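What the coordinates show
Below, each chain spelled out in residue letters.
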Amino acid sequence: MKRAGFLSFALVPVLMTAAVACTTPEHTAADAKGNPSSVAQSRAAGRAQAERAPRATAVASTPAGTPAGLAAPDKKELAQEIVASAENSTLNWRSAYAYIEDIGDGQGYTAGVIGFCTGTHDLLTLVERYTALHPGNGLARYLPALRAVDGTDSHEGLDPGFAAAWRHEAAVPAFREAQDHERDRVYFDPAVRRAKLDGLGTLGQFVYYDAMVMHGPGTGGDGFYGLRDRALREAKPPSEGGDEKAYLEVFLDVRRAAMRSANPDRDTTRIDTAQRRFLDDGNLGLDTPLEWRVYGETYRVP
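Calculation criteria
- Residues numbered from 1 in each chain as written.
- Predicted model: local features only at pLDDT ≥ 70, side-chain atom pairs only at ≥ 80, totals over all residues.
- Heavy atoms only, no water.
- Helix = DSSP H or I, 4+ residues; strand = E, 2+ residues; numbered from the N terminus.
- Buried < 20%, exposed > 50% of the residue type's maximum accessible area, 1.4 Å probe, protein only.
- Contact = heavy atoms within 4.5 Å.
- Areas by Shrake-Rupley, 256 points an atom, 1.4 Å probe, with all protein chains shown as cover.
- Salt bridge = Lys/Arg side-chain N within 4 Å of Asp/Glu carboxyl O.
- Expected span 1.5 Å × (residues − 1).
- Pairing = 2+ DSSP bridges.
- Axes fitted to C-alpha atoms, helices over the stretch in contact; angles between N-to-C directions.
- Parallel < 35°, antiparallel > 145°, perpendicular 65-115°, else oblique.
- Left-handed = near helix turned anticlockwise from the far one by under 90°.
- Core = buried A, V, L, I, M, F, W, Y, C linked by side-chain atoms within 4.5 Å.
- Phe/Tyr/Trp six-rings, centres within 6.5 Å; stacked < 30°, edge-to-face > 60°.
- Arc of directions from axis to C-beta.

**Some details on the overall build of the chain**
Across its full length, the chain carries 12 helices and 6 strands. Counting only residues that meet the buried cut, the chain has 55% of its 302 residues in that class. For the chain, long-range pairs separated by at least 24 residues make up 68% of all intrachain contacts whose partners lie at least 6 apart in sequence. Element-wise, carbon and sulfur atoms account for 53% of the exposed surface of the chain, whose accessible area totals about 12000 Å².

Here it is as structure tokens:
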């Protein structure tokens, strides 16, 4: 992504009612990511599917003249902040470039700005693409091990040095840009395109993006496209003459049910007191000021 695209929003101060950590805290590991579950497995399968068979989740180009929506620089910055509040309990999403931890969800190491995982193919793809452009980088020597553990939660060949190498490489601007690029290519851009084709505005585009991040771009089970298919069986999107708010209500219901299917006690505040709050307020443009709560913390963007 072009870093210059964030400058206009970066000048606006961001307020929070509570101090929160800039790396994933314990409650994020337990609630946002969860223990091994059908959601985590679907996310892993979907990520691998999107990489190995991209035609399965291909999205047609949006028509010329479509409003920028969530892709506008200020909205895109806002989207990363809202996702970071749920994924890392901070609005400072850039603090996550160096983040790496095994949170015990069956996906190996979770790392970086959008939670790339050693067990779900997207971290491997990131390092492969980065190494093709920067062969001498500090992660290149781990490629054989990353290929061997892909699809598992194993650390074989990665410990003890991989986590330290990731943190060190995250100080390199080119690696941060590579993380941004993969986040956009696999998650942000497909979600926004699909939402625009469904006739959704900026809030709906964010709803799709957050679901894509958490559930992965899978077509079956609880992957993003599977969730969308279930929602379409219950409501029509605006592109088919449906009511936008009513459709998004159904999509959020479907997604919440998927999150709770494996664990009835799973925290769903990223939907209940964030996205649902924006929708109940009729804020289909995701306009600021915004206030929401995730895991009991309140966040505000003026």
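Okay, back to it.
**So, the pattern of salt bridges**
With the rule as written, the count across this model stands at 19 salt bridges. Between D184 and R183 there is a salt bridge, with its nearest N and O atoms 3.0 Å apart. Side by side, D184 and R183 carry an identical accessibility label, which is buried. With its nearest N and O atoms 2.8 Å apart, the salt bridge here joins R276 to D253. Residue R276 is located in helix 12 (residues 269-280), and its partner D253 is located in helix 11 (residues 244-261); the two are separated by 23 residues in the primary sequence. Look at R276 and you get buried, because its relative accessible area is 13%. Each of K76, D180, R183 and D184 takes part in a single network of salt bridges with overlapping partners.

**Points about helix 4 (residues 73-87)**
Over its 15 residues, helix 4 runs 21 Å from end to end, which matches the ideal 21 Å to within 8%, given 1.5 Å per residue. In terms of burial, helix 4 is largely enclosed, as 13 of its 15 residues are buried. Immediately downstream of helix 4, the backbone of S89 shows phi near 55°, a positive value.

**Examining the sheet that holds strand 3 (residues 110-111)**
Pairing is antiparallel across the open sheet formed by 3 strands, whose spatial order is 2-3-4. In this open sheet, the two edge strands, each paired with only one partner strand, are strand 2 (100-101) and strand 4 (116-117). One ladder, built from 2 bridges, connects strand 2 with strand 3; its direction is antiparallel. Within strand 3, the residue paired with I100 across the bridge is A111.

**Regarding the packing of helix 5 (residues 122-133) against helix 8 (residues 173-197)**
As a packed pair, helix 5 and helix 8 sit with axes 10 Å apart at the nearest point and diverge in direction by 130°. The orientation of helix 5 relative to helix 8 falls into the category oblique. As helix 5 packs across helix 8, the resulting crossing turns out to be right-handed. Of the residues in helix 8, those touching helix 5 at D122, T125, L126, R129 and Y130 are A174, F175, A178, Q179, H181, E182, R185 and Y187.

**Comments concerning the nonpolar core**
Counting 75 residues, the largest nonpolar core has F162, W166, Y209, F251, L286 and W292 as its most contacted members. Broken down by element, this core gets its largest block of residues, 9 residues, from helix 9 (residues 202-215). With near-sequence residues (within four places) excluded, F251 lies in contact with V207, Y208, A211, F224, L227, R228 and A231.

**Some details on the packing of aromatic side chains**
The final tally for this structure, using the stated rule, is 13 aromatic pairs. Ring pairing ties together the aromatic residues Y109, Y130, Y142, F162, W166 and F175, which thus form one cluster.

**Some points on the environment of D267**
Mapped onto the elements of the fold, D267 is located in the loop between helix 11 and helix 12. A relative accessible area of 18% means that D267 is categorised as buried.

**As for the environment of G112**
Position of G112 relative to the elements: it lies in the loop between strand 3 and strand 4. Residues G112 and A96, spaced 16 residues apart in sequence, show a C-alpha to C-alpha distance of 5.4 Å. The residues contacting G112, other than those within four sequence positions of it, are A96, Y97, Y99, W166 and Q179.

**Side note on helix 7 (residues 162-169)**
Of all the positions in helix 7, only F162, A163, A165, W166 and E169 are classed as buried. Around the axis of helix 7, the buried residues are gathered within 160° of arc, so they sit on the same side. Looking at the buried residues of helix 7, the elements they touch are strand 2, strand 3, helix 5, helix 6 (143-149) and helix 8.

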